[in-house]
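Coordinates in review
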Amino acid sequence: MMELECVAENRCFAGSVRRFRHFSNACQTPMRFAVYLPPQAQKERLPVLYYLAGLTCTEETFLIKAGAQRWAAELGLILVAPDTSPREARLPGDDAHWDFGMGAGFYLRAAQAPWQQHYQMYDYVTEELPALLAQEFSVDATRASIMGHSMGGHGALICALREPQRYRSVSAFAPVSAPGQVPWGEKAFTGYLGEDRQAWAEWDASRLVLRQRFPGEILVDQGLADPFLKEQLRPEIFSAACAEAGQPLRYREHAGYDHSYYFISSFMEEHLRHHAAALQV
Ligand SMILES: N[C@@H](CCC(=O)N[C@@H](CSC=O)C(=O)NCC(=O)O)C(=O)O
């Protein structure tokens, strides 16, 4: 078995951004993730905030582009960003599409061949990575929250709705929150899960919330100049499902903002403060 290999380290706001490679038992291939350790991590165990990135991103995208480290250093939060799919174990056609396969793992448990061999991102993110962090870093494993963007917003919502006991809070930027009813999600779910749409409900935030609420307010920010808004994101479906379920949702729309990290970085401080309040830091 491969040890945790540090492949890069950069000082940042008096803490450090580190990138790691390790063998994943869940995905049965080496995986990568990035961590931001604020300066307080040298002295005490800190809560952890997971960030799940979107289509085409790597473990590095969030820490380069979102500007979260400044607030994490102030608030004493460890940030963790996993890669968006397996990459080293190659599967036929895995790089043929930017919205399916490599860089597009959709944070679920693939059930269809050949993807089920390695695309077990849900177990990787919710179980294997937290256990590894608790073992290797000064993490308070009892205090975790989760956030994400687009495909990663979908990931954050399904992790929190499926296993609310694992997370104190959840937030998303422009999430794919009704994947069973939009082209990105239909393509990914057909490929990873198969044609049976009943099985898709397990991985669709707009259907999960009707079965189990998250015990806290979900924060969602959406730019109104987002080119994916009407076809791929369709936040009105998730908002309606939350209303039907009685799920507290703080859904905010922002005129002029698009789908990019310029949008994400503009509201990152508010998301980190939302999580810090739940994590009591
Ligand atoms: N095909 C394009 C667009 C890919 C893109 O917009 N990816 C978003 C996430 S979309 C939903 O999950 C993203 O976060 N991109 C990274 C970035 O730095 O903006 C392409 O390949 O660029």
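Fair warning: this is a prediction, and the values are worked out from it, not measured in the lab.

1. Structural notes on the sheet that holds strand 6 (residues 139-149)
- Pairing in this open sheet of nine strands is mixed, and the strands run 1-2-3-5-4-6-7-8-9 from one edge to the other. Edge strands, defined here as strands with exactly one partner in the open sheet, are strand 1 (5-12) and strand 9 (249-254). Ignoring strand direction, the axes of neighbouring strands in this sheet form an average angle of 20°.
- Of the strand pairs in this sheet, strand 7 (residues 170-173) and strand 8 (residues 218-223) are connected by three bridges, and their pairing is parallel. In the sheet register, Ser 171 faces strand 8, and the bridge partner there is Leu 219.
- Contacting strand 4 (46-52), strand 6, strand 7 and strand 8, helix 4 (residues 151-162) runs over the sheet at an angle of about 135° to strand 6.
- Here helix 9 (residues 235-245) sits on the sheet and contacts strand 8 and strand 9; the angle it forms with strand 9, its principal contact strand, is near 155°.

2. Re the UniProt feature "active site" (unreviewed entry) in the chain
- The UniProt record marks Ser 150, Asp 226 and His 259 with the feature "active site" (unreviewed entry), using the residue numbering of this structure. Spanning 110 residues, the named residues form one tight spatial group whose C-alpha atoms are at most 10.9 Å apart.
- As for its position among the elements, Ser 150 is in the loop between strand 6 and helix 4.
- Considering the arrangement of structural elements, one finds His 259 in the loop between strand 9 and helix 10 (261-279).
- Beyond its immediate stretch of four places on either side in the chain, His 259 contacts His 149, Ser 150, Ala 174, Asp 226, Pro 227, Phe 228 and Leu 233.

Cut-off values and rules
Residues numbered from 1 in each chain as written. Predicted model: local features only at pLDDT ≥ 70, side-chain atom pairs only at ≥ 80, totals over all residues. Heavy atoms only, no water. Pairing = 2+ DSSP bridges. Helix = DSSP H or I, 4+ residues; strand = E, 2+ residues; numbered from the N terminus. Axes fitted to C-alpha atoms, helices over the stretch in contact; angles between N-to-C directions. Contact = heavy atoms within 4.5 Å. UniProt positions renumbered as here; feature names shortened; annotations may be inferred.

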